[in-house]
Amino acid sequence: MSKIPTFDFFQICMLYPKEKQLRYDSAYLKMAKEWAKLSHCTRKQVGALIVKDRMIISDGYNGTPTGYDNCCEDKKGDTHWYVLHAEANALTKIAKSNHNANGATLYITLSPCKECSKLILQAGIKRVVYIKAYKDNSGLDFLNQSGIELTKVENLNE
Ligand SMILES: [Zn+2]
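Residues numbered from 1 in each chain as written. Predicted model: local features only at pLDDT ≥ 70, side-chain atom pairs only at ≥ 80, totals over all residues.

## As for the environment of Gly 47
Within the fold, Gly 47 resides in strand 1 (residues 47-52). Note on Gly 47: 28 C-beta atoms within 10 Å, which makes it buried. Each C-alpha atom, one on Gly 47 and one on Ser 58, is 11 Å from the other, the two residues being eleven residues apart in sequence. The contact partners of Gly 47, leaving out residues within four places of it in the chain, are Ala 32, Lys 33, Glu 34, Trp 35, Ala 36, Tyr 61, Ala 86 and Thr 109. (Helix = DSSP H or I, 4+ residues; strand = E, 2+ residues; numbered from the N terminus. Buried ≥ 20, exposed ≤ 12 C-beta atoms within 10 Å, placed from the backbone. Contact = placed C-beta atoms within 7 Å.)

Given below as structure tokens:
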């Protein structure tokens, strides 16, 4: 006779929240991937979402500031200096709203560069969840040193 597996209360508390968190992380990252598709940039398309208290309070993708031509690259194919990264766009959108990013989680398709990692820390983001690591890992190192929780989710169970 096979025995039905039983879990005690503590086992459930230990296992379930992790699994649930991963399901949410994966769902938000999938949305961030959709947001990335909205970017007009041709070299790289990055999408970001900011979630606080289980609510999406902001979103962003890499692109030029309001009032500028949508094109991110010059004739040589280099990115214009004034292009804002996805997380910078999401954070500045919060700055214009009644929300604040303190204690929030940033979901992003590509891990932050060093410039954006400073903004993330100063905005009070507590956790960063990403799919792919950026070529230069100084942003991740900086966030890690600053005590921000980093989670990489490569497998989005699509
Ligand atoms: Zn950046």
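From this point, the narrative continues.
## Describing unusual backbone geometry
Located in the positive-phi region is Asp 53, a residue other than glycine, with phi close to 50°. With respect to the helices, strands and loops of the structure, Asp 53 is situated in the loop between strand 1 and strand 2 (55-61). Taking the number of C-beta atoms within 10 Å as the measure of exposure, Asp 53 has 7 and is therefore exposed. Here the phi dihedral of Arg 54 falls at roughly 60°; this positive angle occurs in a residue that is not glycine. Structurally, the position occupied by Arg 54 is in the loop between strand 1 and strand 2.

## Remarks on the sheet that holds strand 1
The pairing of strands in a sheet comes from backbone hydrogen bonds and takes either a parallel or an antiparallel form. Spatial ordering of the open sheet is given by 2-1-3-4-5, a layout of five strands whose pairing is mixed. Edge strands, defined here as strands with exactly one partner in the open sheet, are strand 2 and strand 5 (149-152). With strand direction ignored, the average angle separating the axes of adjacent strands in the sheet is 20°. Judged from the four bridges that link them, strand 4 (residues 127-132) and strand 5 form a sheet pairing that is parallel. When the bridges of strand 5 are listed, Val 129 appears paired with Thr 151. (Pairing = 2+ DSSP bridges. Axes fitted to C-alpha atoms, helices over the stretch in contact; angles between N-to-C directions.)

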